[in-house]
Amino acid sequence: MLAAARHEAIVSAVQRERVVRVSDLAQQLGVSLMTVRRDIELLEEGGRLERIHGGAKLPGDVSTHEPGFELKSTQLTAEKRAIALAAAGLVHEGMAVGFSAGTTTWALAKELVNGPRITVVTNSVRIADVFHHASPGPARFASTVILIGGERTPSDALVGPIATAALRQLHLDVLFLGVHGMDADAGFTTPNLLEAETDRAFVTAARKVVVLADHTKWGLQGISTIAALDEADEVISDARLGADAQRILGERVGKVRIAA
């Protein structure tokens, strides 16, 4: 593909998604990461987009764009399932388990529907539906699902004062936290202010916090911080997480696990 055609394809992707990642563009265009980075630099010089760590976004666009659940659920499915399989081993009979909204926590829910009998606490309509529509079996009927109420977001999370107030009354053995981004300075972030508040209440309610985040989340910053890196007990990511990210997380987080 000629450079001019690549540039138009990159700009179109940014206009469509508002935030795009270098790795995704390289795969879509069939070129190297270095080629995409050079193209983004040229396009930034022309004022057509703005570079961010690991990708590009619309010029002047703050990190408040929240992709819908349907789009996110079709991306990086193999990586998310690997992370989910690794996380499933942390869940045992009788636990009170929190699931924040997200497509990786949703993947974990699908691995647990026929697993140990637990109490599920979630603000995700999709995760609640996973347990509700599971094939009939002892685990489905023995497990209890508590869906926290609130205002619905594009990612099908229920957030806001009602959700936050309910979580403040609960105690969780473990929380599986999905995030929009993770960064050395900003920590774990989300583009939704109300969701950040609700997720912070989740973190406070949990004895153990496990962040589930694929490699593309590193370097992304949402507008609001959920928690600092050192507030997580464990991060589970996939094998494409960069060496620098692994080093920084290893220094700040209790444990970093790379899913095969």
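Placed above this text is the structure.
Note that the structure is predicted; figures quoted are calculated from it, not measured.

1. Side note on helix α2 (residues 22-29)
Regarding α2, the residues found buried are Val-22, Leu-25, Ala-26 and Leu-29. Buried residues along α2 cover an arc of 100° about the axis, so they all sit on one side. Exposed positions of α2 whose direction lies more than 90 degrees from the buried face are Gln-27 and Gln-28. Directly beyond the C-terminal end of α2, a positive phi value near 70° is found at Gly-30.

2. Describing the sheet that holds strand β3 (residues 55-57)
The strand order β1-β3-β2 describes an open sheet built from three strands, whose pairing is antiparallel. Strands with a single pairing partner mark the edges of an open sheet, and in this sheet they are β1 (19-21) and β2 (50-52). Pairs of neighbouring strands in the sheet enclose a mean axial angle of 30°, with direction left out of account. As paired elements, β2 and β3 share three bridges and run antiparallel to each other. Considered in β3, the bridge of Arg-51 is made with Ala-56. Here α2 sits on the sheet in contact with β1 and β3, set at roughly 70° to β1. The sheet strands contacting helix α3 (residues 33-45) are β2 and β3, and the helix crosses β2 at an angle near 135°.

3. Structural notes on the nonpolar core
With 31 residues, the main nonpolar core has Leu-177, Phe-188, Val-211, Trp-218 and Leu-249 as its most contacted residues. Among the elements of the structure, α9 (161-167), β9 (174-178), α10 (193-205), β12 (209-212), β13 (224-227) and α11 (243-252) are those that each provide at least two residues to this core. With five residues, α10 is the largest single contributor of residues to this core. Apart from the residues within four sequence positions on either side, Val-211 is in contact with Leu-177, Val-179, Phe-188, Ala-232, Glu-234, Val-235 and Ile-236. The next biggest cluster of nonpolar side chains, apart from the first, holds 29 residues, and it includes Leu-108, Val-120, Ala-134 and Val-210.

4. Here's the deal with the packing of aromatic side chains
This model, assessed by the stated rule, comprises two aromatic pairs. Measuring from ring centre to ring centre gives 6.2 Å for Phe-99 and Phe-131, while their planes differ by 65°; the resulting arrangement is edge-to-face. One end of the pair, Phe-99, is in strand β4 (residues 96-99); the other, Phe-131, is in helix α7 (residues 125-132), and 32 residues separate them in sequence. Of the residues examined, Phe-131 reaches a relative accessible area of 8% and is grouped as buried. When the ring of Phe-99 is compared with that of Phe-176, the centres are 6.0 Å apart and the planes differ by 40°; the resulting orientation is tilted. One end of the pair, Phe-99, is in strand β4; the other, Phe-176, is in strand β9, and 77 residues separate them in sequence.

5. Quick word on the environment of Lys-208
Looking at where Lys-208 falls in the secondary structure, it is placed in the loop between α10 and β12. Owing to a relative accessible area of 30%, Lys-208 belongs among the partly exposed residues under this scheme. C-alpha of Lys-208 to C-alpha of Val-174: the two residues are 34 residues apart in sequence and 4.6 Å apart in space.

Thresholds, definitions, all that
- Residues numbered from 1 in each chain as written.
- Predicted model: local features only at pLDDT ≥ 70, side-chain atom pairs only at ≥ 80, totals over all residues.
- Heavy atoms only, no water.
- Buried < 20%, exposed > 50% of the residue type's maximum accessible area, 1.4 Å probe, protein only.
- Helix = DSSP H or I, 4+ residues; strand = E, 2+ residues; numbered from the N terminus.
- Arc of directions from axis to C-beta.
- Pairing = 2+ DSSP bridges.
- Axes fitted to C-alpha atoms, helices over the stretch in contact; angles between N-to-C directions.
- Contact = heavy atoms within 4.5 Å.
- Core = buried A, V, L, I, M, F, W, Y, C linked by side-chain atoms within 4.5 Å.
- Phe/Tyr/Trp six-rings, centres within 6.5 Å; stacked < 30°, edge-to-face > 60°.

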